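As a plain string of letters, each chain reads:
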Amino acid sequence: MGIAVFNIEKSYEATPALRDVSMEIEDGAFVTLLGATGAGKTTLLRIMCGIDRPDKGRVHYDGADVTRVPVRKRNVAMVYQEFVNYPSMTIYENIASPLRVSKTRHTKADIDQKVRHNAELLGLTGVLGHYPEEVSGGQKQRTAIARALVKDTRFVFLDEPLANLDYKLREELRGELKSLLTHKGGAVVYATPEPVDALSMSTHVAYLQDGRVLQYGALQDVYRNPASVEVGAYFSYPTMNIMEADVTTEQDRIFLRISEEIAIDVTQFRDRLAHGQYLVGIRAYNLYTAQKGENLIAFSATVELAEELGSDTELHVRHQGQVFVVLMQEVARFPIGTQITVYLDPSRLFLFDRATRQLAFKTFA
Ligand SMILES: Nc1ncnc2c1ncn2[C@@H]1O[C@H](COP(=O)(O)OP(=O)(O)OP(=O)(O)O)[C@@H](O)[C@H]1O
């Protein structure tokens, strides 16, 4: 039971927006469609929910082919990036509207109970009598979400619903959405360009690029085993640093050489790690500014930028022509130009083949 799409193709004029996309989404799953702008997320979402039809391919709901069933005949709800509400209706009437137009007849008492319940869940009880122009951006978007939830649909589709909200509201709603949506039983599909949305809400993630799904799987599996450097570099929060490196033999030992100063002894992996050219990935929180553990690799760097992010500090440092991002889990002040020592954890490396860009090896399980 759930949603499945098979071999979906869609072009706008001659430009392909989706190329041979197949994926299956189980009931209870919260899937993020993750990717940069133009990757095809909105197009896929619209085809999944029935607003648009694919040029080729099929869409199944619970095993039945619904490719040609229009959206109004499907039991689905969609939340858009823009706050779509009726300006001439109160917040109460906005939330009630899907029930009033639904094929299923609802009694007045039933509508009232459902509106108040969803308003309560989304913190809108105090503004039910207001009009959309009289409430905040966050409340407008909550109203749009309440309208999507009030109908008890099998599937909910959301297209960057937090994009127009400020940072604090986004954080708040992220937490709430996860629990609100996953309590519904059906499947949730959520398009976003933000890795943090995927990490904080979803059970599964599909990474899209140029109309293709490059990887789809359980959240932790994709995060820990990005199939290619594209997935690793995009699906990381904060950044994954990517650097060129070679695996070579130097005096009977095998080294992963990143720069003149950074050479990591990988002799222990000699049976599984081939000589050659790699792209090495390391997440920003596996680089430190203090000797935090054993066997760390120290290198010198110059601070180019220090940005405070709440209780963290993100440092951009330059080492032999390359910029690294270091996430410090503390508030720290570094004047620009400060020379520091950075410590790299060699047991947290992803090695991608430089020619194929596919994950070739990890220095951890
Ligand atoms: N109605 C349309 N007419 C023409 N081209 C379109 C149309 N809709 C989408 N496209 C093109 O299809 C491709 C995929 O667009 P889509 O909106 O699905 O991407 P997206 O990943 O959702 O991006 P965003 O995050 O910016 O919404 C893009 O190249 C886009 O320009």
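Source: prediction; values computed, not measured.

S.K.: How would you sum up the overall build of the chain? Please name residues and give values.
M.R.: Across its full length, the chain carries eight helices and 21 strands. Its C-alpha atoms give the chain principal-axis dimensions of roughly 80 × 45 × 35 Å. Burial statistics for the chain: of 365 residues in total, 48% are counted as buried. Here the contacts in the chain between residues at least 6 apart in sequence split such that 65% fall between residues at least 24 apart.

S.K.: Talk me through the environment of Glu176; I want residue IDs and the actual numbers.
M.R.: Along the chain, Glu176 turns up in helix H5 (residues 167–182). You can call Glu176 partly exposed: its relative accessible area is 24%. Taking C-alpha positions, Glu176 is 9.4 Å from Met201, a pair spaced 25 residues apart along the chain.

S.K.: Residue-level account of the site of the ligand, with values.
M.R.: The full set of residues close to the ligand is Tyr12, Ala17, Ala36, Thr37, Gly38, Ala39, Gly40, Lys41, Thr42, Thr43 and Glu160. Measuring from an oxygen atom of the ligand, one finds a backbone N or O atom of Gly38 at 2.8 Å. Contact between the ligand and Ala39: an oxygen atom at 3.1 Å from a main-chain N or O atom of the residue. A total of 620 Å² of accessible area belongs to the ligand in isolation, and the protein chains cover 58% of it. It is helix H1 (residues 41–49) that contributes the most residues to the shell around the ligand, three residues altogether. Grouping the amino acids of the shell around the ligand by side-chain chemistry returns four nonpolar, five polar and two charged.

S.K.: For the nonpolar core, give the residues involved together with the corresponding values.
M.R.: In terms of nonpolar packing, the biggest core is built from 32 residues, with Ile95, Leu122 and Leu181 touching the most fellow members. For this core, the elements supplying multiple residues, two or more each, are strand E6 (76–79), helix H2 (91–101), helix H3 (108–121), helix H4 (137–149), strand E7 (155–159), H5 and strand E8 (187–192). The biggest single contributor to this core is H2, with five residues. In this structure Leu181 touches Phe30, Leu149, Val156, Leu158 and Val188, once residues within four positions along its chain are discounted. Counting 31 residues, the second largest nonpolar core, distinct from the first, contains Val280, Ala332, Leu349 and Phe361.

S.K.: I'd like a rundown of the domain arrangement of the chain, residues and numbers included.
M.R.: By a frequent convention, interface size equals the accessible area lost on bringing the separate parts together. For the chain, the assigned domains are domain 1 (2–234) and domain 2 (240–362). When each unit is reduced to the centre of its C-alpha atoms, the spacing between domain 1 and domain 2 is 37 Å. Opposite the 10 residues of domain 1 that make contact, domain 2 presents 11 residues. Considering only the surface of domain 1 that becomes buried against domain 2, Tyr223, Pro226 and Val229 emerge as the three largest contributors, covering 48% of it. The interface formed by domain 1 and domain 2 includes one salt bridge. Where domain 1 meets domain 2, there are seven residue pairs in polar contact (both at pLDDT 80 or more). Of all the elements in the fold, those that place two or more residues in the side of domain 1 that touches domain 2 are helix H7 (219–224) and helix H8 (229–234). Looking at which element gives the most residues to the side of domain 1 that touches domain 2, the answer is H8, with four residues. Here the side of domain 1 that touches domain 2 is built from residues that sort into five nonpolar, three polar and two charged.

S.K.: Outline the sheet that holds E6, supporting the account with residue identities and numerical values.
M.R.: For sheets, the rule is that strands pair by backbone hydrogen bonds, running either parallel or antiparallel. The sheet built from six strands is open, its strands ordered E6-E7-E8-E3-E9-E10 with mixed pairing. The open sheet is flanked by E6 and strand E10 (212–218), the only strands paired with a single partner. Adjacent strand axes in the sheet meet at a mean angle of 15 degrees, parallel and antiparallel pairs treated alike. With five bridges joining them, strand E3 (residues 30–34) and E8 adopt parallel strand pairing.

S.K.: Got a sec to walk through the packing of H2 against H4? Specific residues and values, please.
M.R.: Running from N to C, H2 and H4 cross one another at 30 degrees; their axes reach a closest spacing of 7 Å. Of the possible angle classes, the one that applies to H2 and H4 is roughly parallel. Crossing of H2 over H4 shows right-handed handedness. In contact with Ile91, Asn94, Ile95, Ser97 and Pro98 of H2, H4 contributes Thr143, Ala146 and Arg147. By residue class, the composition of the contact of H2 with H4 is four nonpolar, three polar and one charged.

S.K.: Lay out the packing of aromatic side chains with the relevant residues and their values.
M.R.: In this structure the tally under the stated criterion is eight aromatic pairs. Measuring from ring centre to ring centre gives 5.7 Å for Phe30 and Tyr190, while their planes differ by 40 degrees; the resulting arrangement is tilted. Within this pair, whereas Phe30 is found in strand E3, its partner Tyr190 is found in strand E8, the two being separated by 160 residues in sequence. Assigned by exposure class, Phe30 and Tyr190 land together as buried. Arranged with centres 6.4 Å apart and planes meeting at 10 degrees, the rings of Phe350 and Phe352 form a pair that is stacked. Residue Phe350 shares its accessibility class with Phe352, and that shared class is buried.

S.K.: Give me unusual backbone geometry: which residues, what numbers.
M.R.: In this structure, Pro238 follows Tyr237 across a cis peptide bond, with omega equal to -5 degrees. Structurally, Pro238 is set in the loop between H8 and strand E11 (240–250). In this structure, Asp62 takes a positive phi of about 50 degrees despite not being glycine. By the element assignment, Asp62 lies in the loop between strand E4 (56–61) and strand E5 (64–65). Even without being a glycine, Gln320 presents a positive backbone phi close to 45 degrees. Relative to the elements of secondary structure, Gln320 occurs in the loop between strand E17 (312–319) and strand E18 (322–328).

What counts and how
- Residues numbered from 1 in each chain as written.
- Predicted model: local features only at pLDDT ≥ 70, side-chain atom pairs only at ≥ 80, totals over all residues.
- Heavy atoms only, no water.
- Helix = DSSP H or I, 4+ residues; strand = E, 2+ residues; numbered from the N terminus.
- Buried < 20%, exposed > 50% of the residue type's maximum accessible area, 1.4 Å probe, protein only.
- Contact = heavy atoms within 4.5 Å.
- Near = heavy atom within 4 Å.
- Polar contact = N/O pair within 3.5 Å; in protein donor to acceptor, adjacent residues only side chain to side chain.
- Areas by Shrake-Rupley, 256 points an atom, 1.4 Å probe, with all protein chains shown as cover.
- Nonpolar A, V, L, I, M, F, W, Y, C, P; charged D, E, K, R; others polar.
- Core = buried A, V, L, I, M, F, W, Y, C linked by side-chain atoms within 4.5 Å.
- Domains from an automatic or database assignment.
- Buried area = accessible area lost by both parts, 1.4 Å probe.
- Salt bridge = Lys/Arg side-chain N within 4 Å of Asp/Glu carboxyl O.
- Pairing = 2+ DSSP bridges.
- Axes fitted to C-alpha atoms, helices over the stretch in contact; angles between N-to-C directions.
- Parallel < 35°, antiparallel > 145°, perpendicular 65-115°, else oblique.
- Left-handed = near helix turned anticlockwise from the far one by under 90°.
- Phe/Tyr/Trp six-rings, centres within 6.5 Å; stacked < 30°, edge-to-face > 60°.

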